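Each chain is listed here by its residues.
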Amino acid sequence: MATFRIKRFNPEKQPEPYFEEFQLDIPHGATLLDCMNEIKWKLDGSLSYRMSCRSAICGSCAVKANGHALLACQRQGEHLLQDDDTITLEPLGNMKPVKDLVVDFTPFWDKVNKIKPYLEPKEEPPEKERQQSPEQFRLIDDSSTCIMCGACYSDCNTLEVDDNFLGPAALAKAQRFVSDSRDSKTMQRVQDLSEPGGIWDCTHCAECVERCPKPARPFDRIKEIMTVALEKGVHNNNGARHALSFTNSVKRSGLLNENRIAPESVGIFNIPGLLGLIPIGLRMLLKGKIPPIFHKSIEEVDDVKRIFKELNQ
Amino acid sequence: MKFALFTGCVAKGATRELMLSTTKAAEGLGFEFVEMKAASCCGAGVVSEKSPLLADALNARSFSIAEKQNLDIVTICSTCQGTLKKTEAYLNESKEYKEKVNDILEEGGHQYNGKTKIKHFANILATEEGMARLKARIKKPLTGLKVAAFYGCYVLRPSERSDYENPDNPTEMEDIFAALGATPVYYPSRVKCCGFPIVMMNKDASLGMSGNALQDAIDNGADVIATGCPLCHLSLDSYQPEIELLQKKNQSIPILHLPQLVALALGYTPTQLGMDTHIVSTLKINQILSGSSASAH
């Protein structure tokens, strides 16, 4: 017998959420969603959650199981059982719960809309379709698989501390248009996406990749936008300056020069930005933690320089 | 056991105490670590923002250096570990890509053949052999010290490239703490991001992340946090005085590098391990450990 610890919430009856336990024999092969349905149909009809297709296509049934977001219809209940024979279910994170496992997706959709998730082509619509070569299609194939389930948004580490971040799903969707050969607004898009709240606020934790139930892998898509932004010369922001300073440092010595990366990232003419580095700089200096002033190169650095040259970097 | 040591840049720069303590820990454990002096920076997932091929070619060159020495690579930084594993996966997933990278390396006399394993220091210890060696060489068990792990997210996700058995709920670092005689503290933030990658872009969010993690560890009763990543160390230690969440409550918690914690149990002194160079004082650790040894007598 398994115990389902489900976070219940009904603001009309009780202001604070609470956990309720349900006992269920998990039928062999049953998905987590099957289990939730069993509980709703046989034990408590008031349990609320979203569901539809049961086939990992519609993206409705994402919930947190044992602390991490997943599609309830895509995982087997037995596989989620913890050592103490429990499964803990909670609503998705980073969004406000409405009732039980249902959350308010409004900020999620607002952000998807903000990245202009539609093609802005160069010319008038042709009589037939706009064709894509297999190579062109491959660039946007992965992000096209996103089913907007919100699992990535739920577990995003940056969103936990900053509501302004567009989040992994919207940014993955943005890559689908940034890299689309038929779109005419690539430059405008990467400029907008380089603003605060955009690509450079991603903290690289790959939580979104881990939670994504499809091959969309948002962090990988965010990195692709970064590369396009740097190629297009959108350099007037800390994220781009950081990437360029980092790469140039490796080009010069084979190693990161930590003394240069901070001032070069904030911008060497950015006086308030530079002043902001003083407290950490002083603390490090007083403890002898400032990296060596004379930055040494690795052995055989010429080979590293050769690789940079060969790749036109 | 002999390994090629991929030091990473930060262990040679802002956290030189990591290099110092790694040398001591290796000495105490009887590991031979051969420093890879010709290896370049792993790129930290930043060089690949500029050019993924460049980042992979540079890392493949580093792998080739270890291959020539017939050694597996040991890393002491979660960021290096995760970044190198990513390159390794890309090279092994596509023969075509591997050939392309090898073509770039050829002129420098390097080739990637995929013979070298890449392991984080923690994962070398968390093997049967590593644990047996560790337990046999402990001189000063860390009795009474409550230690919270901070894994460093690059070593955990994506899980298919992680060496941890259950990257969503790993226990290897805690197993090491227990072997050292310390009491492991489990808390939800131990597998989260420290925020360091965006400290230059969005400092408030970055310090929000590190602040939440530190608070979580304190709330769960930890005396100290030990991390396998020098970037997490910078975030949790060097920026700690600026974290408003903690300052409001006048709280602080010392942060150790994993090799420092290990070497303490192997009998090295805090000064030998550079613990006096930390921003947040580590004296509390000495007090707890001397208190427990005093009461034991």
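Throughout what follows, the structure given in this document is the object of discussion. Fair warning: this is a prediction, and the values are worked out from it, not measured in the lab. Counting starts from 1 at the beginning of each chain's written sequence and moves along it residue by residue. The lettering of chains begins at A and the numbering of ligands begins at 1, in the order of writing. Totals for whole chains, interfaces and linings use every residue, but because this is a predicted model, local features are given only for residues with pLDDT of at least 70 and side-chain atom pairs only at 80 or more, for both listing and counting. Water and hydrogen atoms were dropped before computing side-chain values, which therefore reflect all heavy atoms in the structure.

## Looking at the layout of surface pockets
Piece 1. A pocket, in this scheme, is an open set of points on a 1 Å grid over the protein atoms alone with protein on both sides within 12 Å along at least 5 of 7 lines, while a cavity is a set where a 1.4 Å probe fits but cannot get out; residues line either one if an atom lies within 4 Å of a point. Grid points are joined across faces, edges and corners, and a volume is the space filled by probe spheres set on the points. Taken as a whole, the largest pocket holds about 1,500 Å³ of empty space.
Piece 2. Along the wall of the largest pocket there are 47 residues; nearest its centre are Arg-221 and Glu-224 of chain A together with Pro-52, Tyr-90 and Tyr-97 of chain B.
Piece 3. Tallied by class, the residues present in the lining of the largest pocket amount to 14 nonpolar, 14 polar and 19 charged.
Piece 4. Looking at the second largest pocket, its volume works out to about 1,100 Å³.
Piece 5. In this structure, the second largest pocket is lined by 35 residues; those nearest its centre are Ala-65, Asn-66, Gly-67 and His-68 of chain A together with Asp-168 of chain B.
Piece 6. Segments assigned H or I by DSSP are reported as helices when at least four residues long, segments assigned E as strands when at least two residues long, and all are numbered from the N terminus. The set of elements that each furnish at least two residues to the lining of the second largest pocket consists of strand E3 (62–65), strand E4 (68–71), helix H2 (77–80), helix H5 (151–155) and helix H8 (207–211) of chain A. In this classification, the charged set is Asp, Glu, Lys and Arg, the nonpolar set is Ala, Val, Leu, Ile, Met, Phe, Trp, Tyr, Cys and Pro, and all remaining amino acids, among them Gly, are polar.

## Points about a negative patch on the surface
Piece 1. Residues Glu-96, Glu-99, Asp-103 and Glu-106 of chain B make up a contiguous surface patch of negative charge.
Piece 2. Its place among the elements puts Glu-106 of chain B in helix H5 (residues 95–106). Patch building starts from residues that exceed 30% relative accessible area and form no salt bridge, then joins like charges within 9 Å and nonpolar side chains (Val, Leu, Ile, Met, Phe, Trp, Tyr) within 5 Å. In these tables, accessible area is a Shrake-Rupley quantity obtained with a 1.4 Å probe, and a residue counts as shielded only by the protein chains included in the view. The term salt bridge refers to a side-chain nitrogen of Lys or Arg lying within 4 Å of a carboxyl oxygen of Asp or Glu. Only four residue types enter the charge count, namely Lys and Arg as positive and Asp and Glu as negative; His and the chain termini do not. Where a charge lies is defined by one atom per residue type: Lys uses NZ, Arg uses CZ, Asp uses CG and Glu uses CD.

## Observations concerning the nonpolar core
Piece 1. Residues belong to a common nonpolar core when they are buried Ala, Val, Leu, Ile, Met, Phe, Trp, Tyr or Cys residues joined through side-chain atoms within 4.5 Å. Between buried and exposed lies partly exposed: a residue is buried under 20% and exposed over 50% of the maximum accessible area for its type, with that area taken using a 1.4 Å probe on protein chains only. If you look at the biggest cluster of nonpolar residues, it comprises 144 residues, and the most contacted ones within it are Phe-4, Leu-32 and Leu-89 of chain A together with Ile-225 of chain B.
Piece 2. Element by element, the count of residues in this core is highest for helix H3 (residues 52–68) of chain B, at nine residues.
Piece 3. Whether two residues are in contact is decided by their heavy atoms: any pair within 4.5 Å suffices. Here Ile-225 of chain B is in contact with Ala-148, Phe-150, Tyr-187, Leu-214, Ala-217, Leu-236, Ile-253, Pro-254, Ile-255 and Leu-256 of chain B, once residues within four sequence places are set aside.
Piece 4. Counting 48 residues, the second-largest nonpolar core is a separate cluster that includes Leu-5, Ala-11, Phe-31 and Leu-156 of chain B.

## Re a nonpolar patch on the surface
All names here are of chain A.
Piece 1. Residues Ile-271, Leu-275, Ile-278, Leu-282 and Leu-285 make up a contiguous nonpolar surface patch of roughly 490 Å² in combined accessible area.
Piece 2. Mapped by element, the contributors of at least two residues to the nonpolar patch are helix H12 (271–276) and helix H13 (278–286).
Piece 3. Broken down by element, the nonpolar patch gets its largest block of residues, three residues, from H13.
Piece 4. Its location among the elements puts Leu-282 in helix H13.

## Notes on the sheet that holds strand E4 (residues 118–120) of chain B
Residues and elements named next belong to chain B.
Piece 1. A sheet is described by the order of its strands in space; here four strands give the open sequence E2-E1-E3-E4, paired in parallel fashion. The two strands at the open ends of the sheet, each matched to only one other strand, are strand E2 (32–35) and E4. Strand-to-strand twist across the sheet, computed as the mean angle between neighbouring axes with direction ignored, equals 40°.
Piece 2. Where strand E1 (residues 2–6) lies against E2, four bridges are found, and the strand directions are parallel. For two strands to be treated as a pair, DSSP must find at least two bridges joining them. Where helices are involved, their axes are fitted lines through C-alpha atoms of the stretch in contact, as for all axes, and angles between N-to-C directions lie from 0 to 180°.

## Looking at the side chain of Glu-174 of chain B
All names here are of chain B.
Piece 1. Mapping Glu-174 onto the fold places it in helix H8 (residues 172–179).
Piece 2. By relative accessible area, which is 0% here, Glu-174 ends up buried.
Piece 3. Two N or O atoms count as a polar contact when they lie within 3.5 Å, although within protein this holds only if one can serve as hydrogen donor and the other as acceptor, and sequence-adjacent residues are included solely when both atoms are side-chain atoms. There is a polar contact of 2.7 Å between the side chain of Glu-174 and the side chain of Arg-190.
Piece 4. If we ignore the near neighbours within four places in the chain, the residues touching Glu-174 are Ala-149, Tyr-151, Pro-184, Val-185, Tyr-186 and Arg-190.

## Considering the packing of helix H10 (residues 238–253) of chain A against helix H14 (residues 301–310) of chain A
Residue and element names in this part refer to chain A.
Piece 1. Where H10 meets H14, the axes come as close as 7 Å, and the angle between the chain directions of the two elements is 130°. With respect to H14, the element H10 is oriented oblique. Taken together, the residues of H14 that come into contact with H10 (itself represented by Thr-247, Val-250, Lys-251, Arg-252 and Ser-253) are Val-301, Val-304, Lys-305 and Phe-308.
Piece 2. Here the contact of H10 with H14 is composed, by residue class, of four nonpolar, two polar and three charged. These descriptions rest on fixed angle ranges, namely under 35 degrees for roughly parallel, over 145 for roughly antiparallel, 65 to 115 for roughly perpendicular, and the rest for oblique.

## Re the interface of chain B and chain A
Piece 1. Across the boundary between the two partners, chain B contributes 66 residues, which contact 62 residues of chain A.
Piece 2. Put simply, buried area is the surface a 1.4 Å probe can reach on two separate parts but cannot reach once they are joined, added for both. Roughly 5,400 Å² of surface becomes buried between chain B and chain A when both sides are summed, with 57% attributable to carbon and sulfur atoms.
Piece 3. The three residues of chain B that bury the most area against chain A are Glu-49, Lys-50 and Met-200 of chain B, which together make up 14% of that side's buried surface.
Piece 4. Run the count over chain B and chain A and you get nine salt bridges.
Piece 5. Connecting chain B to chain A are 29 residue pairs in polar contact (both at pLDDT 80 or more).
Piece 6. Those elements giving two or more residues to the side of chain B that touches chain A turn out to be helix H1 (16–29), helix H2 (47–50), H3, H5, helix H9 (203–219) and helix H10 (230–238) of chain B.
Piece 7. Among the elements that make up the side of chain B that touches chain A, the one with the highest residue count is H3 of chain B (six residues).
Piece 8. Among the residues making up the side of chain B that touches chain A, the classes are represented as 30 nonpolar, 18 polar and 18 charged.

## A short note on the sheet that holds strand E2 (residues 18–24) of chain A
Residues and elements named next belong to chain A.
Piece 1. Spatial strand order, E2-E1-E5-E3-E4: five strands in an open sheet with mixed pairing. In the strand order of this sheet, the two ends are held by E2 and E4, each with one partner. Mean inter-strand twist for the sheet, computed between neighbouring axes without regard to direction, equals 35°.
Piece 2. Relative to E2, strand E1 (residues 2–8) runs antiparallel, the two being bridged by seven bridges. Residue pairing in the sheet places Thr-3 in a bridge with Gln-23 of E2.
Piece 3. With respect to the sheet, helix H1 (residues 32–43) is in contact with E1, E2, E3, E4 and strand E5 (86–90), its orientation differing from that of E2 by roughly 95°.

## Brief notes about the pattern of salt bridges
Piece 1. Tallying each qualifying case throughout the model produces 36 salt bridges over all chains.
Piece 2. As a salt-bridge pair, Arg-211 of chain A and Asp-168 of chain B come within 2.7 Å of each other at their nearest N and O atoms. In this pair, Arg-211 of chain A is assigned in helix H8 and Asp-168 of chain B in the loop between strand E5 (146–150) and H8, connecting two distinct chains.
Piece 3. With relative accessibility at 6%, the residue Arg-211 of chain A sits in the buried group.
Piece 4. Linking Glu-242 of chain B and Lys-203 of chain B is a salt bridge whose minimum nitrogen-to-oxygen distance equals 2.6 Å. Pair noted here: Glu-242 of chain B is in the loop between H10 and helix H11 (244–248) and Lys-203 of chain B is in helix H9, with a separation of 39 residues, a long-range link.
Piece 5. On the accessibility criterion, Glu-242 of chain B (23% relative accessible area) is partly exposed.
Piece 6. Overlapping salt bridges, with partners in common, bring together Glu-300, Asp-303, Arg-306 and Glu-310 of chain A together with Arg-61 and Glu-107 of chain B in one network.

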